[in-house]
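# Working through the structure, step by step
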Amino acid sequence: MNYEKLSRQALKCMYVATAAGSILTLAILGAVNYFIFFPKDLDITKSASLAAALLILINMLVSPYFRYHRYRYRIDKECIDIHEGYLFTKRNIVPIERLHKLQTTKGPIDQFFGVSTVVVTTAGGDVAIRLLDEKKAEEIADSLRHRINQIVTEQRSDYGNTY
């Protein structure tokens with residue numbers, strides 16, 4: 001089975017969310033510089049703040065592109081497999097039989113772009129399939145719910161047959 005990629009709406013959502021976080025971070029950095037460092041006239045601090053501001057701006061432009069193109073997921077009968085990352089990538093593999101809870105979530109920016117996140121909870125923690133089209137997220141949640149119910153039914157019948 002092939003890996004699924006995210007829609008273009010997800011990329012737009014990533015850019016807007018990253019820009020919002022970057023602007024907030026730059027505002028905090030500016031306030032700290034204005035109220036704490038500038039009155040003391042520390043040149044090295046001004047240089048460090050300028051370098052940090054440039055890195056934040058570069059990250060705002062570059063990270064959504066790489067995160068979008070590296071993100072992929074696959075769901076089969078046995079597991080959920082998610083690859084994601086920017087500088088460092090991580091891979092989450094979750095056996096379907098270990099799922100305890102399913103949840104779909106979306107924040108204000110997600111709602112604007114029509115994307116949603118499916119969060120699956122296991123005994124080991126939560127794993128999220130992020131920035132899916134709302135319809136696709138509901139299909140995945142329904143499919144996983146159906147598969148979990150099948151597994152529980154099979155386990156109950158197996159348990160009943162052993163005693």
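Reference entry: report on the structure contained in this document. Given the structure is predicted, the values throughout are model-derived calculations rather than measurements.

### Observations concerning the overall build of the protein
For the protein, the helix and strand inventory stands at four helices and six strands. Its helices and strands in sequence order give the protein the pattern α-α-β-β-β-β-α-β-β-α, from N to C terminus. In terms of overall size, the protein is more extended than a compact globule, its C-alpha atoms giving a radius of gyration of 22 Å where 163 residues would be expected to give roughly 15 Å. If one aligns the C-alpha atoms of the protein with their principal axes, the spans along those axes are about 80 × 35 × 25 Å. Here the protein, with 163 residues, has 32% of them falling under the buried criterion. For the protein, the separation between the mean place of its 21 positive charges and that of its 17 negative charges on side chains is 3 Å.

### Some remarks on the sheet that holds strand β1 (residues 72–75)
The strand order across the open sheet formed by three strands is β1-β2-β3, and the pairing between neighbours is antiparallel. Pairing within the sheet leaves two strands with one partner each, and these edge strands are β1 and β3 (89–95). The mean inter-strand angle of the sheet, taken between neighbouring strand axes irrespective of direction, is 5°. The pairing of strand β2 (residues 79–85) with β3 spans seven bridges and is classified as antiparallel. Across the sheet, residue Cys79 finds its bridge partner in β3, namely Pro95. Helix α2 (residues 43–70) rests against β1, β2 and β3 of the sheet, and its axis sits at about 155° to β2.

### Considering the side chain of His83
Relative to the assigned elements, His83 resides in strand β2. The contacts of His83, once residues within four sequence positions are left out, are Tyr3, Arg70, Tyr71, Arg72, Lys90 and Arg91.

### A look at the pairing of β1
Summarising the sheet, β1 and β2 pair through four bridges and their orientation is antiparallel. Bridging from a neighbouring strand, Tyr73 pairs with Ile82 of β2. Between β1 and β2, which pair antiparallel and follow one another directly, the connecting turn spans three residues.

### Considering the packing of aromatic side chains
Tallied over the entire structure, the rule returns three aromatic pairs. Ring centres of Phe66 and Tyr86 lie 6.3 Å apart, and the angle between their planes is 35°; on these two criteria the pair is classed as tilted. Taken together, the residues Phe66 in helix α2 and Tyr86 in the loop between β2 and β3 connect sequence positions 20 residues apart. Judged by its relative accessible area of 34%, Phe66 falls in the partly exposed class. An angle of 85° between the planes, with centres 5.1 Å apart, marks the rings of Phe112 and Phe113 as edge-to-face. On the basis of relative accessibility, which here comes to 68%, the residue Phe112 falls in the exposed class. Classification of Phe113 by relative accessible area gives buried; the value is 12%. A cation over an aromatic ring shows up here: Arg72 above the ring of Tyr3, its NZ or CZ 5.4 Å from the ring centre.

### A short note on the side chain of Thr117
Mapping Thr117 onto the fold places it in strand β5 (residues 115–122). Taking the relative accessible area as the measure of exposure, Thr117 reaches 11% and is therefore buried. The residues contacting Thr117, other than those within four sequence positions of it, are Gln103, Thr104, Thr105, Ala128, Ile129, Arg130 and Leu131.

### Looking at the nonpolar core
Proteins that are soluble and globular tend to have nonpolar side chains buried together. By size, the foremost hydrophobic cluster in this structure holds 28 residues, and its most contacted members are Leu6, Tyr73, Ile80, Leu99, Ile129 and Leu144. If you tally residues by element for this core, the top one is helix α4 (residues 134–162), at five residues. The contact partners of Leu144, leaving out residues within four places of it in the chain, are Ile75, Ile80, Ile96, Leu99, Leu102 and Val120.

### Overview of α2
Over its 28 residues, α2 extends 39 Å from the first C-alpha to the last, a length consistent with the 40 Å expected when each residue adds 1.5 Å. Its maximal kink placed at Val62, α2 deviates by approximately 35°, while the proline Pro64 follows within four residues. Residues of α2 that are buried: Thr45, Ser49, Ala53, Ile56, Met60, Ser63, Pro64 and Tyr68.

The rules behind each value
- Residues numbered from 1 in each chain as written.
- Predicted model: local features only at pLDDT ≥ 70, side-chain atom pairs only at ≥ 80, totals over all residues.
- Heavy atoms only, no water.
- Helix = DSSP H or I, 4+ residues; strand = E, 2+ residues; numbered from the N terminus.
- Rg over C-alpha atoms; globule rule 2.2 N^0.38 Å.
- Buried < 20%, exposed > 50% of the residue type's maximum accessible area, 1.4 Å probe, protein only.
- Lys, Arg positive; Asp, Glu negative; His and termini not counted.
- Charge placed at Lys NZ, Arg CZ, Asp CG, Glu CD.
- Pairing = 2+ DSSP bridges.
- Axes fitted to C-alpha atoms, helices over the stretch in contact; angles between N-to-C directions.
- Contact = heavy atoms within 4.5 Å.
- Phe/Tyr/Trp six-rings, centres within 6.5 Å; stacked < 30°, edge-to-face > 60°.
- Lys NZ or Arg CZ within 6 Å of the ring centre and 35° of its normal.
- Core = buried A, V, L, I, M, F, W, Y, C linked by side-chain atoms within 4.5 Å.
- Expected span 1.5 Å × (residues − 1).
- Bend = angle between axes of the 7 residues up to and from the residue.

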